[in-house]
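# Chain and residue survey
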Amino acid sequence: MTQDEMKEEVAKAALAYVIEGSIVGVGTGSTANKFIDALATIKDKIKGTVASSEVTAERLRGHGIPVFELNDALSQVNKLSVYIDGADEFDPQKNLTKGGGGALTREKIVAAGSEKFVCIVDESKQVDFLGAFPLPIEVIPMAETLVMSIANNLGGKAQVREGFTTDNGNIIIDVTGLTIKNARQLEDDLNEVPGIVTNGIFSHQGADVILMATPTGVVTFD
């Protein structure tokens, strides 16, 4: 089974967590795209979706799936029933690194506005410690040099993502070479730095359930 086929299988498995008549949060990235394609097969059974990025919203609308703004959705319901998204990596505590597609802030917001976060990945995303994948940090442009200096002091190497602007009008700084043994503490420490909008560690907004595709089937971590 190819990696693409595994993504398709885990995306289909995530449909089991979609509650009929509800509003579903949808993430960003290649695996989330596979979920959008799967969701289109049951689009008449849901009220609509909330997208974590403009790219996701466009793909959802292309399938004829209604897209709500989060503020409008939460005026109708206490929380979204479920948020379904991929991850760049996950550790044994179900902490995640996200933001390879640059939508980390909106992803974190939609995750926080949802009853359950179901993360869909293939087995290449499983790690002992976060840091194998670059840690993205969304930064207000004015704070670029300040944040670069602080990020370099973590022991990794910080680099601005060239030619990329987030949907919020900010830059992304990617930090490579880290071994993150206390994900929640680092998430908190980075979020205290002025100019950082958010960082790509999802510990407070970690996954409730992880569905991991393997060549022999989908494994569930809950």
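My aim in this report is to walk through the structure given alongside it, one point at a time. (Residues numbered from 1 in each chain as written. Predicted model: local features only at pLDDT ≥ 70, side-chain atom pairs only at ≥ 80, totals over all residues. Heavy atoms only, no water.)

On a plain count of helices and strands, the chain comes out with 7 helices and 14 strands. The globule rule puts the C-alpha radius of gyration for 222 residues at 17 Å, and the 17 Å found for the chain is close to it. Considered along the principal axes of its C-alpha atoms, the chain spans approximately 50 × 40 × 30 Å. In the chain, buried positions account for 53% of the 222 residues. When contacts within the chain are restricted to residue pairs at least 6 apart in sequence, long-range pairs at least 24 apart make up 71% of them. Put simply, the chain shows about 10,100 Å² of open surface, and 47% of that area lies on carbon and sulfur atoms. Considering the chain, the positive charge centre built from 19 side chains and the negative charge centre built from 31 side chains are found 3 Å apart. (Helix = DSSP H or I, 4+ residues; strand = E, 2+ residues; numbered from the N terminus. Rg over C-alpha atoms; globule rule 2.2 N^0.38 Å. Buried < 20%, exposed > 50% of the residue type's maximum accessible area, 1.4 Å probe, protein only. Contact = heavy atoms within 4.5 Å. Areas by Shrake-Rupley, 256 points an atom, 1.4 Å probe, with all protein chains shown as cover. Lys, Arg positive; Asp, Glu negative; His and termini not counted. Charge placed at Lys NZ, Arg CZ, Asp CG, Glu CD.)

What follows concerns the pairing of strand E7 (residues 117–122). For E7, the buried fraction is high: 6 of the 6 residues fall into the buried class. Every second residue of E7 is oriented toward a common face, with Phe117, Cys119 and Val121 on one face and Val118, Ile120 and Asp122 on the other, all of them buried. Sheet topology places E7 next to strand E13 (residues 209–214); 5 bridges connect them, and they run parallel. By the bridge assignment for E13, isoleucine 120 is matched with leucine 211. (Pairing = 2+ DSSP bridges.)

If you trace the 3 strands from one edge of the open sheet to the other, you get E5-E6-E12, paired in antiparallel fashion. Unpaired on one side and paired on the other, strand E5 (89–90) and strand E12 (201–202) mark the two borders of the sheet. Across 2 bridges, strand E6 (residues 96–97) lies against E12 in antiparallel orientation. Following the sheet pairing, leucine 96 is matched in E12 by phenylalanine 202.

A few words on helix H7 (residues 183–191). Among the residues making up H7, those that are buried are Ala183, Leu186, Glu187 and Leu190. For H7, the arc enclosing every buried residue in end-on projection is 105 degrees, short of the 170-degree limit, so these residues lie on one face. On its buried face, H7 is in contact with helix H5 (104–112), strand E8 (135–139), strand E11 (196–199) and E12. (Arc of directions from axis to C-beta.)

This part covers the environment of aspartate 4. The topology assignment puts aspartate 4 in helix H1 (residues 3–14). You can call aspartate 4 partly exposed: its relative accessible area is 41%.

Within the open sheet, the 4 strands sit side by side as E9-E10-E8-E11. Their pairing is antiparallel. Two strands close off the open sheet at either side, each with one partner strand: strand E9 (157–160) and E11. Geometrically, the sheet is characterised by an average inter-axis angle of 25 degrees between neighbouring strands, direction not taken into account. Bridge count for E8 against strand E10 (residues 171–176) is 5 bridges, and the pairing is antiparallel. Within E10, the residue paired with proline 136 across the bridge is aspartate 174. Here helix H6 (residues 144–152) sits on the sheet and contacts E8, E9, E10 and E11; the angle it forms with E9, its principal contact strand, is near 155 degrees. Strand contacts of H7: E8 and E11, with the helix running at about 170 degrees to E11, the strand carrying the most contacts. (Axes fitted to C-alpha atoms, helices over the stretch in contact; angles between N-to-C directions.)

Glancing now at the pattern of salt bridges. Summed over the entire model, instances satisfying the criterion amount to 7 salt bridges. The partner of aspartate 37 in a salt bridge is arginine 59, and the shortest N-O contact between them spans 3.0 Å. Of this pair, aspartate 37 sits in helix H2 (residues 30–39) while arginine 59 is found in helix H3 (residues 54–62), placing the two residues 22 residues apart along the sequence. For glutamate 107, the salt bridge is made with lysine 98, and the minimal N-O distance between the two is 3.3 Å. Take glutamate 107: its relative accessible area is 3%, and that puts it in the buried class. Taken together, the shared-partner salt bridges in this structure form one network comprising Asp85, Lys98 and Glu107. (Salt bridge = Lys/Arg side-chain N within 4 Å of Asp/Glu carboxyl O.)

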